[in-house]
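Secondary and tertiary structure notes
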Amino acid sequence: MVNLLHIVRGVIFALVGAVWLQAGEATVFVGTSTREKGKGIWSCAFDTDSGKLSAARLVFPVAESGFLAVSPDGKFLYATNGRENTLAAFRIMADGGLEEINRQPTHSRGPCHVWATATDLFSANYSGGSVTVCPINPDGSLRAASAVATFSGSGPDKQWQNQPYAHGVCTDASGRFVYVCDRGSDRVWSFRLDSETHTLTPTDPPAGITPAGTGPRHAVVSADGRFLYANSEMGRDVTVFARDANTGALTWLAAHSVLPDPNVRGGWTAEIALHPSGKWLYVSVRGHNLLSLFAVGEDGALTWKENIKPGVEMPRSFAISRDGRWLIVAGVDDNRLQVNRIDPVTGKLTVWGEPVSVPAPYCVVIRQR
């Protein structure tokens, strides 16, 4: 009788999940700040044909969900917990819900950003000024940290650059090289990852250097691996680095302002992402509530095209759908998600549909099947 009851409950749960997800082909996960009433990780169904988001629901209460990353195969979700200094692994359920698998300590303070490959999870630890590597098992669970690399140095701004502040981490497409944006020292640290031991070795030179006082926040490597783009939180610009695909080393090329009008002051950049086509790059600008659009040349050079109001206040995070048709942006100050349609010819954005309420959305990621 008990087994039958479990079976019936399982069938009902699956049917409810199927109904909830039938509106879309993708699931949107949102990490929130519980200090600002976020309560944990939220989820929405997303129809990639119409661009419509469902209402959000809380799928996993957690003390501090912060930033998220979806595994390349779309089966697992990973989250930072800055309050407990841990990383959490979740199994993504059929209905868009989450089942926690396990947690691992970062052995550093303030994990604020994560990046997942098929074999490793990387955490940028803000207060600790470091990066942590946790190998990933086939079942999605995290193994104990295999490496913690701590940085050194500072910058000219004595308030915000008195020590290293690791703010973002990414890898190249192969997962062999790891890059960490350090707002405190104006550096993008670069490492080679040993696939057997899951340990890090600095490249030569060990970092790409941004203009003094600019404070790099997040970065992304071009699909062909020739360039790395890092947005500067304090400098309000994007630095372009040439990248040696064999050694992983970075060489500074140029910096491009997200606010080219000299009369416009203030603001801080937050997120950066390349369009799947590789033709456009987007950067969010908090304070001015903008998304900056750059065209990407074949030589990797950037050309600023325009700044767009994406329909939210304080755009801290955004994500682009795999088909390149949609950009979903999160507004921390007005507690909502807003879909923007991407023009396939120009890359320009148009606010699309109605916003969806989510409290204190710090990070948004799209999981597509």
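Refer to the structure above for everything that follows.
Here is a short report on the structure shown in this document. Counting from 1, residues in each chain are numbered in the order their sequence is written. Where totals are concerned, whole chains, interfaces and linings use all residues; where local detail is concerned, this predicted model gives features only for residues with pLDDT of at least 70, and gives and counts side-chain atom pairs only at 80 or more. Hydrogens and water molecules were not included; the side-chain quantities draw on all heavy atoms of the structure.

Some points on the nonpolar core
Of all hydrophobic cores here, the largest spans 18 residues; its most connected members are Val 28, Cys 44, Phe 46, Leu 53, Ile 328, Leu 337 and Val 358. Under the scheme used here, helices are H or I runs from DSSP no shorter than 4 residues and strands are E runs no shorter than 2 residues, and both carry numbers assigned from the N terminus. Elements that contribute at least two residues to this core include exactly β1 (26–32), β2 (40–47), β26 (326–331), β27 (336–342) and β29 (361–368). Only heavy atoms matter for contacts: two residues are in contact if any of them lie within 4.5 Å across the pair. The residues touching Val 358, leaving out its near neighbours within four places in the chain, are Val 30, Thr 32, Trp 42, Ala 56, Asn 335, Arg 336 and Leu 337. Definition of nonpolar core: a set of buried residues of the types Ala, Val, Leu, Ile, Met, Phe, Trp, Tyr and Cys, connected through side-chain atoms within 4.5 Å. Note on classification: 1.4 Å probe, protein chains only; a residue is buried when its accessible area is under 20% of the maximum for its type, exposed when over 50%, partly exposed between these limits.

Regarding the environment of Asn 81
If you trace the backbone, Asn 81 turns up in strand β6 (residues 76–81). A relative accessible area of 4% places Asn 81 in the buried class. Between the C-alpha atoms of Asn 81 and Gly 110, which are 29 residues apart in sequence, the distance is 7.9 Å. Excluding residues that lie within four positions of it along the chain, Asn 81 makes contacts with Val 62, Ala 63, Glu 64, Thr 86, Arg 103 and Pro 111.

Some points on the pairing of strand β15 (residues 187–193)
With five of its seven residues buried, β15 lies for the most part within the structure. Between strand β14 (residues 177–182) and β15, which pair antiparallel and follow one another directly, the connecting turn spans four residues, one of which, Asp 186, has a positive phi of 60 degrees. Think of it this way: DSSP has to see at least two bridges between two strands before they count as a pair. In the sheet, β15 pairs with strand β16 (residues 200–209) via six bridges, with the strands oriented antiparallel. Bridged to Val 188 within β16 is Gly 208. Linking β15 to β16, which pair antiparallel, is a turn of six residues; within it His 198 sits at a positive phi near 60 degrees.

Overview of the pairing of β26
Most of β26 sits out of view: six of its six residues are buried. Neither face of β26 is open: one carries Trp 326, Ile 328 and Ala 330, the other Leu 327, Val 329 and Gly 331, and all of them are buried. Summarising the sheet, strand β25 (residues 315–320) and β26 pair through five bridges and their orientation is antiparallel. Across the sheet, the residue bridging to Ile 320 is Leu 327, located in β26. Linking β25 back to β26 in an antiparallel pair, the connection comprises five residues, with Gly 324 at a positive phi of about 75 degrees. For β26 and β27, the ladder comprises six bridges, and the chain directions are antiparallel. Residue pairing in the sheet places Val 329 in a bridge with Gln 338 of β27.

Some points on the sheet that holds strand β24 (residues 302–308)
Paired through backbone hydrogen bonds, the strands of a sheet run either parallel or antiparallel to each other. One open sheet accounts for four strands, arranged β21-β22-β23-β24; its pairing is antiparallel. Each of the sheet's edge strands pairs with one partner strand only, and the pair in question is β21 (268–274) and β24. Here the strands of the sheet are splayed against their neighbours by 25 degrees on average, with no regard to which way each runs. Across six bridges, strand β23 (residues 290–296) lies against β24 in antiparallel orientation. When the sheet's bridge partners are listed, Leu 291 is paired in β24 with Ile 308. Every axis in this analysis is a line fitted to C-alpha atoms, fitted for helices over the stretch in contact. Angles between the N-to-C directions lie between 0 and 180 degrees.

Things to note about the pattern of salt bridges
Just to be clear on terms, a salt bridge is a Lys or Arg side-chain nitrogen sitting within 4 Å of an Asp or Glu carboxyl oxygen. Within this structure, the stated rule accounts for ten salt bridges. Linking Arg 183 and Glu 233 is a salt bridge whose minimum nitrogen-to-oxygen distance equals 3.6 Å. Residue Arg 183 is found in the loop between β14 and β15, and its partner Glu 233 is found in the loop between β18 (227–232) and β19 (237–243); the two are separated by 50 residues along the sequence. The exposure class of Arg 183 is buried, given its relative accessible area of 5%.

A short note on the packing of aromatic side chains
Aromatic ring pairs: the centre-centre distance and the angle between the two ring planes describe each pair. Classification of ring pairs uses Phe, Tyr and Trp, with its six-membered ring standing for Trp, and accepts pairs whose centres are within 6.5 Å; under 30 degrees between planes counts as stacked, over 60 as edge-to-face, and the remaining range as tilted. Under the counting rule described, the total for this entry stands at six aromatic pairs. Ring geometry for Phe 46 and Trp 326: centres 6.4 Å apart, planes at 85 degrees, overall edge-to-face. Of this pair, Phe 46 sits in strand β2 while Trp 326 sits in strand β26, and the two are 280 residues apart along the sequence. Exposure class is identical for Phe 46 and Trp 326. Each is buried.

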